[in-house]
Amino acid sequence: MTTTTPARGRRRAPSRMERAAGRAAAFQKPRVILALLLLLALTSVMLLDGYLRSEIGNDARVRDGAAYDKVPGRILDGGPLLTFDHGTARTQSVPDRTIVLTFDDGPTATWTPQVLKVLEENDVDATFFMVGSMISRYPGVVKSLVKQGNEVGIHTFTHVDLSYQSAARLQRELKQTQLALAGAAGVTTTLFRAPYSSEIDAVDNYSWPVYREIGDLGYTSVFVDTDSDDWKKPGVSKIVRWATPKKNKGAIVLMHDAGGDRSQTISALGTYIKKMKAKGYTFTTVSGAQAMLNGDRSGVGRQSGSAGAGAGAGASAGAGTGGTGAAQAAQHQAAGATLYEGRALVYAVAVAEWVVPALSWFLLVVGVAVMGRFGMMLILARRHHRQRNRGSGKGGRGGGRFSWGPAVTRPVSVIVPAYNEKECIANTLRSLAKSTHPIEIVVVDDGSDDNTSEIAESLGMPNVRVVRQENAGKPAALNNGVRTARHDIVVMMDGDTVFEPDAVHQLVQPFADPEIGAVAGNAKVGNRTTLIGAWQHIEYVMGFNLDRRMYDLLRCMPTIPGAIGAFRRDAVLGVGGMSEDTLAEDTDITIALHRAGWRVVYQEHARAWTEAPGSFRQLWSQRYRWSYGTMQALWKHRKSLTDKGPSGRFGRVGMPLVVLFQIVTPVFAPLIDVFTGYSMVFVDFRAALLAWLAVLAVQLVCAAYAFRLDREKYRYLAMLPLQQLAYRQMMYLVLIHSCVTALTGGRLRWQKLKRTGEVGTPAGAGR
């Protein structure tokens, strides 16, 4: 029998979805790009944070002693200040009874301010050789340090032994540190101290070329005369003794304001300053010492007073807080591109310093939630299976002691919406012809132009009616089918789906319970022989069907699959039919039924075989529509959160679960993978790999149990690791793409997938 739904006019006006499609089509590519850019931005922030913490780009090698025959003897025997004048090396020593306090490896938020406090209390300036990555993390400390009158020098950006590095790496280390200084304090410097350096007589054939290149760039390399060895934490008295020059000589003294617990350094510093002042020593900076060597002693340091004098007592004229005079002569005001690039670096680091820890904690919560979901799924799925199969034997079908009520044997209507389904419609209708339950079949041809309706009619099935309509979309086709259906129960399926012989009978049995308004069936992937098909098969069994068991027990089923679902006709009409407001009409109608007070259940024994997308492009289109449509449906029914009574159960339980586990968790899941890859490459490969394998093992257990419940062959689980590495990432990107589309107010159209018609009822199905 053929029925044609007449057109209302000569030319049908475009539907709302069609009009939206025209506006949205131009924005899809930019949204994909935006989604990828967001992920790239977060990845970049992580890489920046790792670089700052020396997890990325760090070279922990430190060169042992080497030959020094290529280093001029006058340099090895010279003073700790090394400069190059037109390529000629020159060294200088600190004047007698002069101390240049230097601090390496900072700044830090904990120890550097304490050092500054002691220096201020004792009216002393010092020179700080700072690591660029630390400068960019603590710009406020650097700014205070310079303002107080202290001097800054470069200690590379990542504290790397430069004797191992290329010339390009050397210049990058210097430039990045200068940018960090410019961004933090608005200054640059010409002072340099190499990491792992000590006295100048330790320069060897490997490091000498480095110092030559640095000198040619205009830097003064600063070595030490006296090392306090405070990093060894030997105790206050030893730090003071080891830092004291011999025979009243001047000295550049090395201490540290970073690299671990520096409480002994802080305690020793004040004692040391007072002791040296009592001996008549003057404290100054590196630039101050150079000025003194050039005959200028004004404004370069603090003069000693009498023994036991208080801090700053007897300070010479011109001393004070240091200012920007000779004591800071190596510093220059940053300007132009250097200043703005430096500020940009500092701002970027500030973002990374906030974002990465916040993301780490958030992802930890997400990870715990995901593991909790796996546990809940296993527990509830097992309970669901035992409840619905009790008395029927292991894995058996049928009622046994469990029963929905009196058997439902009355005829039902099966609605088959079809649009250009010539490859599949015959298989679909032939599978329905084998149904063990009495049915009428309503094929709604949604304006096909490939002879779909003619093929359906040519089969000559007496219980098949073909209803033709102008192309209006799947929801309109389903509504047309519901209106023309002759029975009170309607089964909805896709035009590419194949039912097992007892699928309809199993599907309608729950309607023996008058509280049940709809039933979700068990959709299986028919074309699972390909790689992409096998991945979707795992997803269907583990993700969709295991989820549905859980949601069934919680009485908050979010979606009845379009491939196989049954409804009370009055219930569908009572909520206004299938809505065109969203692209996920199956989720929309399911939530609407919940809100109307109906119960929705899952019938695992009602099996249908559907043709999954056969290419990544088609898969992307399908899942993009699904995820976006789900968001539309959740937003449409957001008021369910405040619904009262049984009708509000979905809002109280289902809505939070769907939002958390189908939107929020998958959106951030790529970051978990990025963190894992980041940790494998830059932090601890073994620990990160073990963590990833542990999560994979949990997923494998869940998948294996899901396969056991559905009596599926385990061999497909061999594809699970590869699915986690490739397929899952694509699904995450699809969801991110959908979120971006939703946030930017875009609309999508229904996208027809290319079918092959290769799916048929498997041999032995239904037995």
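Quick caveat, the model's predicted, so the values are computed rather than measured.

> I keep staring at the overall build of the protein chain and nothing clicks. Help me out?
Counting secondary structure elements, the protein chain contains 23 helices and 22 strands. Taking all 767 residues of the protein chain together, the buried fraction comes to 55%. Put simply, 80% of the contacts in the protein chain that link residues at least 6 apart link residues at least 24 apart. Approximately 32,500 Å² of the protein chain is accessible, and the part contributed by carbon and sulfur atoms is 57%.

> Just checking my understanding: could you explain the pairing of strand β2 (residues 81–85) for this structure?
For β2, the buried fraction is high: 4 of the 5 residues fall into the buried class. Direction of pairing for β2 relative to strand β9 (residues 220–222): antiparallel, over a ladder of 2 bridges. Along β9, the bridge assignment pairs Leu-82 with Ser-221.

> How do you make sense of the pattern of salt bridges when you look at a structure like this?
Pairing between side chains becomes possible if they bear opposite charge and their charged atoms approach one another. Under the definition given, this model contains 21 salt bridges. Between Lys-474 and Glu-585 there is a salt bridge, and its shortest N-O distance comes to 3.7 Å. One end of the pair, Lys-474, is in helix α15 (residues 474–484); the other, Glu-585, is in helix α19 (residues 585–595), and 111 residues separate them in sequence. Pair check on accessibility: Lys-474 and Glu-585 agree, each one buried. Linked by salt bridges that have partners in common, Lys-524, Arg-528, Arg-549, Glu-604, Asp-710 and Glu-712 make up one network.

> What am I meant to see in the packing of helix α7 (residues 167–185) against helix α8 (residues 208–216) here?
How two helices pack is summed up by the angle between their axes together with the distance between the axes. Where α7 meets α8, the axes come as close as 11 Å, and the angle between the chain directions of the two elements is 50°. Put simply, α7 runs oblique to α8. The interaxial crossing formed by α7 with α8 has right-handed handedness. Seen from α7, the contacting residues are Ala-167, Leu-170, Gln-171 and Leu-174; seen from α8, they are Val-210, Glu-213 and Ile-214. Taken together, the residues of the contact of α7 with α8 sort by class into 5 nonpolar, 1 polar and 1 charged.

> Any chance you could explain the packing of aromatic side chains here in plain terms?
Aromatic rings in a pair are described by how distant their centres are and how their planes are angled relative to each other. Overall, the coordinates contain 6 aromatic pairs when judged by the stated rule. Taken together, a centroid distance of 5.1 Å and an interplanar angle of 20° make the contact between Phe-103 and Phe-128 stacked. Of this pair, Phe-103 sits in strand β4 (residues 98–104) while Phe-128 sits in strand β5 (residues 127–130), placing them 25 residues apart in sequence. Each member of the pair, Phe-103 as well as Phe-128, carries the same accessibility label: buried. Look at Phe-402 and Trp-404: their rings are 5.1 Å apart centre to centre, the planes differ by 80°, and that puts the pair in the edge-to-face class.

> Sorry, what's going on with the packing of α7 against helix α12 (residues 336–389) here?
At their nearest, the axes of α7 and α12 sit 7 Å apart, and the two run at 85° to each other. It follows that α7 is roughly perpendicular to α12 by the angle criterion. Between α7 and α12, the contacting residues are Lys-175, Gln-176, Leu-179, Ala-180, Ala-182, Gly-183 and Ala-184 on the first element and Thr-338, Leu-339, Glu-341, Gly-342, Arg-343, Leu-345 and Val-346 on the second.

> I tried to follow the nonpolar core on my own but got confused; where do I start?
Nonpolar side chains tend toward joint burial in soluble globular proteins. Formed by 62 residues in total, the largest nonpolar core has its most connected members in Met-492, Tyr-551, Phe-567, Leu-593 and Leu-634. Not counting chain neighbours up to four residues away, the residues in contact with Leu-593 comprise Gly-517, Ala-518, Phe-567, Ala-571, Val-572, Val-575, Trp-598 and Val-600. Judged by nonpolar contacts, the second largest core, of 60 residues, contains Val-71, Phe-103, Ala-126 and Met-276.

> Help me understand unusual backbone geometry, please; the structure alone is not making it clear to me.
For residues other than glycine, phi is negative in most cases, and the peptide bonds are mostly trans. The linkage connecting Gly-106 with the following residue, Pro-107, adopts the cis geometry, with an omega of 0°. Following the sequence through the fold, Pro-107 ends up in the loop between β4 and α4 (111–121). In this model, His-86 sits at a positive phi of 55°, which is unusual for a non-glycine residue. Position of His-86 relative to the elements: it lies in the loop between β2 and β3 (88–92). Phi at Lys-233 takes a positive value of approximately 55°, unusual for a residue other than glycine. In this structure, Lys-233 sits in the loop between β10 (226–227) and α9 (236–242). Exposure remark for Lys-233: the relative accessible area of 43% places this residue in the partly exposed category.

> Got a minute to help me understand the pairing of strand β16 (residues 439–446) in this structure?
In regular strands, side chains alternate between the two faces of the sheet. Across the 8 residues of β16, 8 count as buried, placing the element largely inside the fold. The two faces of β16 match: Ile-439, Ile-441, Val-443 and Asp-445 on one face and Glu-440, Val-442, Val-444 and Asp-446 on the other face are all buried. Bridge analysis of strand β15 (residues 412–418) against β16 gives 7 bridges, and the strand direction is parallel. Across the sheet, residue Ala-418 finds its bridge partner in β16, namely Asp-445. Handedness of the β15-helix α13 (residues 425–433)-β16 crossover: right-handed. Taken together, β16, helix α14 (residues 452–458) and strand β17 (residues 464–469) form a β-α-β motif whose crossover is right-handed.

> Sorry, what's going on with the environment of Glu-580 here?
With respect to the element layout, Glu-580 can be found in the loop between α18 (569–574) and α19. Given a relative accessible area of 30%, Glu-580 falls into the partly exposed group. Residues Glu-580 and Lys-474 lie 106 residues apart in sequence; the distance between their C-alpha atoms is 8.7 Å.

> What is the right way to look at a positive patch on the surface in this model?
Taken together, the side chains of Lys-238, Arg-241, Lys-275 and Lys-279 make up a positively charged region of the molecular surface. Within the secondary structure, Lys-238 sits in helix α9. With relative accessibility at 35%, the residue Lys-238 sits in the partly exposed group.

How each quantity is defined
- Residues numbered from 1 in each chain as written.
- Predicted model: local features only at pLDDT ≥ 70, side-chain atom pairs only at ≥ 80, totals over all residues.
- Heavy atoms only, no water.
- Helix = DSSP H or I, 4+ residues; strand = E, 2+ residues; numbered from the N terminus.
- Buried < 20%, exposed > 50% of the residue type's maximum accessible area, 1.4 Å probe, protein only.
- Contact = heavy atoms within 4.5 Å.
- Areas by Shrake-Rupley, 256 points an atom, 1.4 Å probe, with all protein chains shown as cover.
- Pairing = 2+ DSSP bridges.
- Salt bridge = Lys/Arg side-chain N within 4 Å of Asp/Glu carboxyl O.
- Axes fitted to C-alpha atoms, helices over the stretch in contact; angles between N-to-C directions.
- Parallel < 35°, antiparallel > 145°, perpendicular 65-115°, else oblique.
- Left-handed = near helix turned anticlockwise from the far one by under 90°.
- Nonpolar A, V, L, I, M, F, W, Y, C, P; charged D, E, K, R; others polar.
- Phe/Tyr/Trp six-rings, centres within 6.5 Å; stacked < 30°, edge-to-face > 60°.
- Core = buried A, V, L, I, M, F, W, Y, C linked by side-chain atoms within 4.5 Å.
- Right-handed = clockwise from strand over helix to strand, strands pointing away.
- Patch = residues over 30% accessible without salt bridge, like charges linked within 9 Å, V, L, I, M, F, W, Y side chains within 5 Å.
- Lys, Arg positive; Asp, Glu negative; His and termini not counted.
- Charge placed at Lys NZ, Arg CZ, Asp CG, Glu CD.

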